[in-house]
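Now for the letters of each chain:
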Amino acid sequence: MKFVKVDDTTIRCLISESEMEGYGIEIEEFLSDRQKASEFLQMILDDAREETGFTINEASLSVEATMLPGKGLSLTISENTYSDDIIEKIRRITDAMKDYLSFDDDEVGYEVIEEEREFSKNLVIYTADTLSDVITMAKALTVGGIKSTLYKLENPVCYILVLEKDFTDDELRMVGSLGLEFAGQMLRDELIKRYVNEHGICMYKDTAVEFLRAL
């Protein structure tokens, strides 16, 4: 188990499946059994207090769980109420992955799958608040031969354009500069792609850029 203090009111705990079983709880139970989850969180907070000196107002805590490679969990525990904004949620997942990747395998307590550690050179993910913003990005994109898929996430609405290609360095610079100009966020993380694929509504698959340019 590893603790990362995010700020004075927030801490992140990285814990493996085997460590959770040592506490007498499985990942599935944590996600579905409120009583067991509450008891487990109390043990986590006790350990955090002992190891890092972190204390929190337990009457108003918020918890966000992120699945990690190798059957582990990142638990972000805070006094703050989390925003439902999907961009903020993706940012928090990205932060959890950065913490996870900053530790050696022995420190996090489970095997890290190498291909899941890399930020892909063949993947760029744009986020946007409106479909109009995505259309603007697609029309400005001059790199050819891209596999592109458009997703929509709900509550609140957010559009995700996933670009996949064996990009050259020049193409990546062009795609990157376009993202900095027009995208809400630009990501290159395979785990974020999996999250979007699982939770998003696929609006157009494989040739979304061509479809959007025609609108």
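None of these values were measured; they are calculated from a predicted model.

Participant: Help me out: how do you make sense of the environment of I192 in this one?
Facilitator: When you line up the elements, I192 lands in helix α9 (residues 190-199). Once the C-alpha coordinates of I192 and I125 are considered, the two residues, 67 residues apart in sequence, prove to be 8.5 Å apart.

Participant: Can you walk me through the sheet that holds strand β6 (residues 147-153) in this structure?
Facilitator: Sheet strands pair by backbone hydrogen bonding; their relative direction is either parallel or antiparallel. The five strands are arranged β8-β5-β7-β6-β9 in an open sheet whose pairing can be described as antiparallel. This sheet does not close on itself; its edge strands, each paired only once, are β8 (185-187) and β9 (201-204). Strand-to-strand twist of the sheet, defined as the mean angle between neighbouring strand axes without regard to direction, takes the value 25°. The strands touched by helix α7 (residues 131-140) within the sheet are β5 (123-128), β6 and β7 (158-164), with β5 carrying the most contacts at an inclination of about 140°. Contacts from α9 reach β5, β6, β7, β8 and β9, with the element oriented near 55° to β5.

Participant: Can you walk me through the environment of T10 in this structure?
Facilitator: With respect to the secondary-structure elements, T10 resides in strand β2 (residues 10-16). Once the C-alpha coordinates of T10 and E79 are considered, the two residues, 69 residues apart in sequence, prove to be 6.7 Å apart.

Participant: Sorry, what's going on with the pairing of β5 here?
Facilitator: Consecutive side chains of a regular strand alternate in pointing toward one face of the sheet and then the other. Counting buried residues along β5, six of its six residues qualify, which places the element largely inside the surrounding structure. The side-chain alternation of β5 yields two buried faces, one formed by L123, I125 and T127 and the other by V124, Y126 and A128. Relative to β7, β5 is paired through six bridges, and the arrangement is antiparallel. Pairing of I125 across the sheet is with V162, part of β7. Summarising the sheet, β5 and β8 pair through three bridges and their orientation is antiparallel. Within the sheet, the bridge partner assigned to I125 lies in β8 and is L187.

Participant: Explain the environment of G53 here, please?
Facilitator: Considering the arrangement of structural elements, one finds G53 in the loop between α3 (34-52) and β3 (62-68). Between the C-alpha atom of G53 and that of K5, which follows or precedes it by 48 residues, the distance is 10.0 Å.

Participant: How should I be thinking about helix α8 (residues 169-182) in this particular structure?
Facilitator: Since the α-helix advances by 3.6 residues per turn, residues separated by three or four positions end up pointing in the same direction. A rise of 1.5 Å per residue sets the reference length of α8, with its 14 residues, at 20 Å; its end C-alpha atoms lie 20 Å apart and thus fit the reference within 8%. Its buried side turned inward, α8 meets β5, α7, β7 and β8.

Participant: Explanation requested: the packing of aromatic side chains in the structure shown.
Facilitator: What characterises a pair of aromatic rings is the spacing of the ring centres plus the angle enclosed by the ring planes. Tallied over the full model, the rule gives three aromatic pairs. An aromatic cluster of three or more residues is present, and its members are Y23, F30 and F40.

Participant: Help me understand the confidence of the model for the chain, please; the structure alone is not making it clear to me.
Facilitator: Taken residue by residue, the chain gives an average pLDDT of 80. The fraction at 70 or more is 79%. Across residues 107-118, confidence stays below pLDDT 50; counting only partners more than four residues off in sequence or on other chains, it has 27 contacts.

Participant: What's the story with the nonpolar core in this structure? I'm lost.
Facilitator: Generally speaking, nonpolar side chains in soluble globular proteins are found buried as a group. Core analysis: the biggest nonpolar cluster contains 22 residues, and Y126, V134, L161, L163, F167 and V175 have the highest contact counts within it. The set of elements that each furnish at least two residues to this core consists of β5, α7, β7, α8 and α10 (208-213). Counting residues per element, this core draws most heavily on α7, at four residues. With sequence-adjacent residues up to four places away left out, L161 is seen in contact with V124, I125, Y126, V134, S148, T149, L150, A208, V209 and L212.

Participant: Please explain a nonpolar patch on the surface as it appears in this structure.
Facilitator: On the surface, I201, M203, Y204, F211 and L215 cluster together into a nonpolar patch covering about 420 Å² of accessible area. Examining the composition of the nonpolar patch, we find that three residues originate from one element, β9, more than from any other. Positionally, F211 belongs in helix α10. On the basis of relative accessible area, F211 is assigned to the partly exposed category, the value being 32%.

Participant: Help me understand unusual backbone geometry in this model?
Facilitator: Most peptide bonds take the trans configuration, and most residues that are not glycine carry a negative phi. One non-glycine residue, D206, lies in the positive phi region at around 75°. The residue D206 is located in the loop between β9 and α10 in this model. On the basis of relative accessible area, D206 is assigned to the partly exposed category, the value being 32%.

Reading the values: rules and limits
- Residues take numbers from 1 onward in each chain, read along the sequence in its written order.
- Under the rules for a predicted model, residues below a pLDDT of 70 receive no local features and side-chain atom pairs below 80 are neither given nor counted, while totals for whole chains, interfaces and linings still include all residues.
- Side-chain measures here rest on the full set of heavy atoms in the structure, leaving out hydrogens and waters.
- Here a strand is any run of E in DSSP of at least two residues, a helix any run of H or I of at least four, and the numbering for each starts at the N terminus.
- Think of it this way: DSSP has to see at least two bridges between two strands before they count as a pair.
- Here an axis means a line fitted to C-alpha atoms, over the contact stretch when the element is a helix, while the angle between two N-to-C directions is reported on a 0 to 180 degree scale.
- Pairs of residues are marked as contacts when any of their non-hydrogen atoms sit within 4.5 Å.
- Only protein chains enter the accessibility calculation, which uses a 1.4 Å probe; a residue whose area is less than 20% of its type maximum is buried, one above 50% is exposed, and one in between is partly exposed.
- Expected helix span is given by 1.5 Å per residue-to-residue step, counting one fewer step than there are residues.
- Centres within 6.5 Å are what make two rings of Phe, Tyr or Trp a pair, Trp counting through its six-membered ring; a difference in plane orientation under 30 degrees is then read as stacked, over 60 as edge-to-face, and the rest as tilted.
- What pLDDT expresses is the predictor's confidence in each residue, scored from 0 to 100.
- In plain words, nonpolar cores are sets of buried Ala, Val, Leu, Ile, Met, Phe, Trp, Tyr and Cys residues tied together by side-chain atoms within 4.5 Å.
- The residues that make up patches have over 30% relative accessible area and no salt bridge, and they are joined within 9 Å when like-charged or within 5 Å when they are Val, Leu, Ile, Met, Phe, Trp or Tyr.
- Areas reported here follow the Shrake-Rupley algorithm with a probe of radius 1.4 Å; residue values treat only the protein chains shown as occluding.
- The working definition used for a salt bridge is a side-chain nitrogen of Lys or Arg within 4 Å of a carboxyl oxygen of Asp or Glu.

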